[in-house]
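# Survey of secondary and tertiary structure
The residues making up each chain are set out below.
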Amino acid sequence: MTERLAWYEWLAVLALLASGVVIVRARVSSPPPLPSPPEALPTLMRVEIAEDGRAIARLDDDTLATACRAIGLPDPPRLDGADPVPVRLLLEEMEAWAATRATPPLGRVGRIYQAIEMHGPALACFAALTRLEPDEAVWQYFMGTEAQALGRDDLAIEALEASRRRDPGDATACARLGRLYLERGDLDTAGARYEQCRALQPGRSLGHTGLGRVAARRGDHAAAIEHLRRAVAATPNDFLAYRHLSQTLAAAGDADGARRASERAERLPHYEGWLVFDEKLQASHALARTQRYLENQMRLAAGAGDATRLAELATRLLERRPRDHNTMALLATALIQLDRTEEALETVTGALALKPDGLRLLYTRAQIAAIQRDFDTVHRVLDRTEAIDPRFAPVHELRGRVLFLENRPEAGIAAIETAVTLEPDVIPRRLLLAVMQERSGDRDAAIRTLEATLAIAPDDERARAMLQQLER
Amino acid sequence: MMRARTFRSIILCLAAVAAAAGAALTSPRRAPVPPSPRQLAAEVLGEPDVRISAASTNSRVFTDAAPELGLVFHHDNDARGAYRLPEEMGPGAGLLDADGDGDLDVFIAGGGPLTGDRPARPCRLFRRDPAGYVDVTEMSGAGVPGPAYGVACADYDDDGDVDIYLTRLGRNALLRNRGDGTFEEVAAAAGVDDDGFGASCVFIDHDRDGDLDLYVVNYVGWAEERESPCYTILGERDYCNPLVYESPLADVLYRNRGDGTFEDVSMASGIGHAKGNGLGVIASDFDDDGWIDLYVANDQTPAFLWRNRGDGTFENVATHWGCAYDGRGIAIAGMGVASEDLDGDGRFDLLVTNIHGQTNLVLRNDGGTFEDVSLAMGLGVWSIPATAFGVALFDQDHDGNLDAYFANGDVNVDNPMPAGDNRYAQPDQFARLENGRLVDATAASGVTFADVGRGVAAGDLDDDGDVDLLLTNNGGPVRLLRNEQAGSDRWLKISARTGPGRRHAIGARLRLRVGGRVFTREVRPQQSYLCSGDPRVHFGLGDAVSPISLEIRWPDGRISQHEDLTSNTHVTFIQDDAGGASGREATP
């Protein structure tokens, strides 16, 4: 027991003691792996009300950038002055990431960036997620979409192919790949990817359109037209498919068919790129709750004639943009369709207080007066509208309708004719003119109007049916 | 003894473990810090694929010489937080020899209030003197009030001096040159005072009757009352896109009667039957049938390609020829447009500038059809964040290959390539055509200008044989980019003149053959966006050796041949009555 320790044994003891100090010091002085004050991020933002009544986020972009670096996130874009709704969501998800280091909040940060079209930071988030969760197809997919948006096509192809291998049933990934290969001139691979898309979703236009484009690039117009006709049959409101059909018909020498397809394309509501086709992208926009998302949804609701949905969306948007008289006009239009005339009047009156000379607003005000059979007000408001812009055709149409209701058919017909002259391509207005002419006893004029209509739109079945009826 | 040995062994083991643990904790390589998303992203993404040409390492390609030459102009865009569309469109400019002394003077479209609540700002004319530019606006009578946009310069009345047509927000102006460097405004008397919201404009002899007709592009039917609030994706107030106004306009074609007046033939020619949000226009014989066609870049509505039928009428074949949309079927935000033979096949291809988020558009002319080759030509990563308006295709360094200059400046507050204090400012870009690709050479060229770029007018402003650029900026100064190309290389400058006034033969096609290469150009001062450039045709000859021969197909279809031209000269050819041409050489 009393045996003394050898010198090397004393060294070991000293080493043991020293290591204890090192361990303690290391525990005290090493920074935590990714330090962040979880509650700090949302407090970076405060909300102000702008002059036009909008709520806006105020925050120091430099401070946010520093915080992002501290927690290992990519540099954020400038967010000061932006809509507080997506900004708050973004900060909350950043905070959740800082607190948990879990992939779901990081994924949501990426998806919010994606929805607000900040493709650089979105790409960085998704690229990181492909390492953190390498088996998840969705991160590869989003990495591909963001790389594609930034023009980094090699990276986009690599990521989308990786996504497709992990999720072979993803038709949209196939379509995106088809487009990328087509744009670099690899027609064989483009055709293969579009064919996969078509096989996965034969009831949608994407694959058919792509195959049509590939065939057109090969100079096989007949095959291209066949594919594109299938595309527009599958998705009749796909204006892009109609445009490609138009170009291919033109190239094949069918000028009339090309013109009709082109006119059809321009009459369809034009949506924003991939948003309509891409459920994953739509989910990102819904997650971020951007105003643009609400606008797009309103456009789709308007195109589908869904006045209830349109009114709901417009109301939600106006909560965030209380002085947006454009949206007020849309809301008023929806309310008119829903027979909520008094509310429509209140909305449009409020909007006119903001924009007394707004053409659409005045027109909507006149529509309401027409519904209320207040014809004096209709004419007074239409006079004002016409003084601002005599070439605004809907004014003349509405005046024509009202004059007809006032038993002044000749004046009514003249007003509708003015509207038709100003906008010769609006077919329903031409049909209205023919109806008025026929009801006022001028059958020949009605026939001439319908013949002129069919010269412009030979496929219009209503015009043809009306003409046949009159000719009997 | 046994216990002591055990104790010692325990001490030694503990010491070893502790030492290892201490080393692990203090060694940075073993720190248990997981890689951050930033680090992981950097590993996955690497550097963007932006190719900077190794061959394009010329230092200081351009120098802004405007201040030292006295070319001082600051555009007033009347932006007062109301986000009104016309605020962001101008201005244009023109390079013309206004006083007939042989060098290029500068005309700049004025800005000023959109509504008459404060004094209007006049357009400005700067005369080129040996020492620099002199503002001669007042004495010349060229200072018609703005806001003005597009400029076209040509001798429309064939009296031997250059006149100016100007589009405005309101009635357009025609400044007739009296021959002494002074102007009178004669638009109403000449019948060309269209009152649409005009954009670019171009003089062409569309009916080949020997005088210059006029094509005017109209943008949208704008009125203050049509403005409505628009917002970015992040809910910020912003300028609206032109579709919001729901008021595309038809363009106007005026036929020159030959007596100083014009006749509106828009409807009779077919031009008036199509509407679009027009901004840029270029006149060129795209199908090589001897008749000048017109391509119109429309902003988010399908582009027009007006094929000249040769009987005074046009048909819009844009859809048929595949240039109404980009390759994806999108009606791009077409703004400026340039056209040259990019692939050396003798046909004129198109380069159309576009808004951020999409590439600028290159349409390859395959002879009656166009193909979108934007991505194949390299307009990917670097052109996507830019909103380009003005564009010039020219051979900056005389290597025989075309180069491209893009005047960038955003129209939205969510500018993805911001530069400087102005939210709309973006760096301009410069690219070189190398191996069939437009390669971003901005960094290597010394182009560091970040403005709200709009117009680019290209021309040899200092008559040293290379092409300089005049840049206009929205709400900012003009810049004169002097080409700093060294003078040891080979070039040729051609003037082709015709008619009683010996005006520049706009529409003439020039084929230059040298050293086995063929360069095809047209006399075409109107390019880019809202601008009129040098009517003289410039060729860089590269290392090709003589002999140099030239074929001119004059606007009336007759052809003249010219052999043994000398490089590094400016040669003027004047069409004679017999259809040939006499040559006259001059050094710069």
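Every value quoted in this text rests on a predicted model; they were computed, and no experiment measured them.

## With respect to the overall build of chain B
Summing up its helical and strand segments, chain B has 7 helices and 45 strands in all. Residue burial in chain B is summarised as follows: out of 588 residues, 64% are buried. Sequence separation of 24 or more characterises 58% of the internal contacts of chain B that already satisfy a separation of 6 or more. A total of about 20100 Å² of accessible surface is found on chain B, and carbon and sulfur atoms cover 50% of it.

## Let's talk about empty space enclosed by the protein
All names here are of chain B. The full count for this structure, using the stated rule, is 9 cavities of 30 Å³ or more. Lining the largest cavity are 28 residues, and of these Glu340, Leu393, Ala458, Gln527 and Asp534 lie nearest its centre. Sorting the residues of the lining of the largest cavity by element identifies β26 (388-394), β32 (453-459), β38 (517-522), β40 (531-532) and β41 (537-540) as the ones contributing at least two each. Across the lining of the largest cavity, the residue classes tally to 13 nonpolar, 6 polar and 9 charged.

## Brief notes about the environment of Pro477 of chain B
Residues and elements named next belong to chain B. As for its position among the elements, Pro477 is in the loop between β33 (468-473) and β34 (479-483). When the C-alpha positions of Pro477 and Val391 are compared, they lie 18 Å apart, and in sequence the two are 86 residues distant. Sequence-distant contacts of Pro477, that is, excluding residues within four places in its chain, are made with Phe73, His74 and Leu471.

## Concerning the nonpolar core
Counting 63 residues, the largest nonpolar core has Leu64, Leu79, Met94 and Tyr113 of chain A as the members making the most contacts within it. With near-sequence residues (within four places) excluded, Tyr113 of chain A lies in contact with Pro74, Pro76, Pro77, Leu90, Met94, Met118, Pro121, Ala122 and Cys125 of chain A. Counting 39 residues, the second largest nonpolar core, distinct from the first, contains Val192, Leu212, Ile494 and Ile548 of chain B.

## So, the sheet that holds strand β21 (residues 314-316) of chain B
All names here are of chain B. Taken in spatial order, the 4 strands line up as β18-β19-β20-β21 in an open sheet, and their pairing is antiparallel. On the outer flanks of this sheet lie β18 (278-284) and β21, each paired with one strand and no other. Going from strand to strand, the sheet's axes swing by 20 degrees on average, the running direction of each strand aside.

## A closer look at the state of the cysteines
Put plainly, two cysteines are in a disulfide when a covalent bond ties their sulfur atoms together. As enumerated under the stated definition, the model contains 1 disulfide over all chains in all. One disulfide bridge connects Cys230 of chain B with Cys240 of chain B, the sulfur atoms lying 2.0 Å from each other. The chirality of the disulfide connecting Cys230 of chain B with Cys240 of chain B is right-handed, given an S-S dihedral of about 100 degrees. Of this pair, Cys230 of chain B sits in strand β12 (residues 230-231) while Cys240 of chain B sits in the loop between β13 (237-238) and β14 (249-250), and the two are 10 residues apart along the sequence. A residue is classified by how much of its surface remains accessible, and Cys230 of chain B, at 11% relative accessible area, is buried. The thiol of Cys197 of chain A is not disulfide-bonded; the next cysteine sulfur, from Cys174 of chain A, is found 6.3 Å away. With no disulfide of its own, Cys531 of chain B lies closest to Cys153 of chain B among cysteine sulfurs, the gap being 9.5 Å. In this structure Cys531 of chain B comes out as buried when scored by relative accessible area, which is 4%.

## A closer look at helix α16 (residues 291-303) of chain A
Relative to the 18 Å expected for 13 residues at 1.5 Å per residue, α16 of chain A spans 18 Å between its end C-alpha atoms, a close match to the ideal helical length. Residues of α16 of chain A that are buried in the fold lie against α15 (279-288), α17 (307-320) and α18 (325-337) of chain A together with β12 of chain B. In the stretch just after α16 of chain A, Gly305 of chain A is the one whose phi turns positive, near 70 degrees.

## Thoughts on the layout of surface pockets
Residue and element names in this part refer to chain B. Roughly 610 Å³ of internal volume is contained in the second largest pocket. The wall of the second largest pocket is formed by 41 residues, among which Asp97, Gly102, Val162, Arg497 and His504 lie closest to the centre. The leading source of residues in the lining of the second largest pocket is strand β35 (residues 491-498), at 3 residues. A breakdown of the residues in the lining of the second largest pocket according to their chemical character gives 13 nonpolar, 13 polar and 15 charged.

## A look at unusual backbone geometry
All names here are of chain B. In this model, Gly90 is joined to Pro91 through a cis peptide bond whose omega is 0 degrees. Here Pro91 is to be found in the loop between β1 (62-64) and β2 (93-96). The amide bond that connects Gly146 to the next residue, Pro147, takes the cis arrangement and shows omega of 0 degrees. Topologically, Pro147 is positioned in the loop between α3 (137-140) and β6 (148-154). With a phi close to 55 degrees, Arg208 is a non-glycine residue in the positive phi region. Within the fold, Arg208 resides in the loop between β10 (198-204) and β11 (213-218).

## Here's the deal with the packing of aromatic side chains
Applying the stated criterion across every chain yields a total of 17 aromatic pairs over all chains. With 5.9 Å between their ring centres and 90 degrees between their planes, Phe62 of chain B and Tyr405 of chain B make a pair best called edge-to-face. Here Phe62 of chain B, found in strand β1, pairs with Tyr405 of chain B, found in strand β27 (residues 403-408); they are 343 residues apart in sequence, far enough to count as distant. Judged by centre distance (6.0 Å) and plane angle (65 degrees), the ring pair of Tyr239 of chain B and Tyr424 of chain B falls under edge-to-face. Of this pair, Tyr239 of chain B sits in the loop between β13 and β14 while Tyr424 of chain B sits in the loop between β27 and β28 (426-427), and the two are 185 residues apart along the sequence. Each member of the pair, Tyr239 of chain B together with Tyr424 of chain B, is buried. Above the face of the Tyr141 of chain A ring, Lys280 of chain A is positioned so that its terminal group lies 4.2 Å from the ring centre.

## As for the sheet that holds β11 of chain B
Residue and element names in this part refer to chain B. Pairing in this open sheet of 4 strands is antiparallel, and the strands run β10-β11-β15-β16 from one edge to the other. In this open sheet, the two strands that pair with only one neighbour each are β10 and β16 (262-264). Mean inter-strand twist for the sheet, computed between neighbouring axes without regard to direction, equals 20 degrees. Bridging between β11 and strand β15 (residues 252-256) involves 3 bridges; their strand directions are antiparallel. Bridging from a neighbouring strand, Tyr215 pairs with Leu253 of β15.

## Side note on the confidence of the model for chain B
All names here are of chain B. When pLDDT is averaged along chain B, the result is 89, and 90% of the positions lie at 70 or above. Within the model, pLDDT remains below 50 along residues 20-31, and this stretch shows 6 contacts once partners closer than five positions in the same chain are excluded. Contacts from residues 49-58, a stretch scored under 50 in pLDDT, to residues over four places away or in other chains number 26 contacts. Of the two predicted TM-score estimates for the complex, the pTM is 0.86 and the ipTM is 0.83.

## Description of helix α23 (residues 409-422) of chain A
With 14 residues, α23 of chain A should reach 20 Å at 1.5 Å per residue; the first-to-last C-alpha distance of 20 Å fits that figure. Within α23 of chain A the residues assigned to the buried category are Gly412, Ile413, Ala415, Ile416, Ala419, Val420 and Leu422 of chain A. Considering only its buried residues, α23 of chain A is in contact with α22 (393-405) and α24 (427-439) of chain A together with β17 (275-276) of chain B.

## Side note on the packing of helix α7 (residues 137-149) of chain A against helix α9 (residues 171-183) of chain A
All names here are of chain A. In contact at an axis separation of 11 Å, α7 and α9 are set at 30 degrees when each is read in the N-to-C sense. The hand of the α7/α9 crossing is left-handed. In contact with Tyr141, Thr145 and Gln148 of α7, α9 contributes Thr172, Ala173, Arg176, Arg179 and Leu180. Taken together, the residues of the contact of α7 with α9 sort by class into 3 nonpolar, 3 polar and 2 charged.

What counts and what doesn't
- Residues numbered from 1 in each chain as written.
- Chains lettered and ligands numbered in written order.
- Predicted model: local features only at pLDDT ≥ 70, side-chain atom pairs only at ≥ 80, totals over all residues.
- Heavy atoms only, no water.
- Helix = DSSP H or I, 4+ residues; strand = E, 2+ residues; numbered from the N terminus.
- Buried < 20%, exposed > 50% of the residue type's maximum accessible area, 1.4 Å probe, protein only.
- Contact = heavy atoms within 4.5 Å.
- Areas by Shrake-Rupley, 256 points an atom, 1.4 Å probe, with all protein chains shown as cover.
- 1 Å grid on protein atoms, 1.4 Å probe; cavity = no way out; pocket = protein on both sides within 12 Å on 5 of 7 lines; lining within 4 Å.
- Points joined across faces, edges and corners; volume = space filled by probe spheres on them.
- Nonpolar A, V, L, I, M, F, W, Y, C, P; charged D, E, K, R; others polar.
- Core = buried A, V, L, I, M, F, W, Y, C linked by side-chain atoms within 4.5 Å.
- Pairing = 2+ DSSP bridges.
- Axes fitted to C-alpha atoms, helices over the stretch in contact; angles between N-to-C directions.
- Disulfide = S-S within 2.5 Å.
- Expected span 1.5 Å × (residues − 1).
- Phe/Tyr/Trp six-rings, centres within 6.5 Å; stacked < 30°, edge-to-face > 60°.
- Lys NZ or Arg CZ within 6 Å of the ring centre and 35° of its normal.
- pLDDT = per-residue confidence, 0-100.
- Left-handed = near helix turned anticlockwise from the far one by under 90°.

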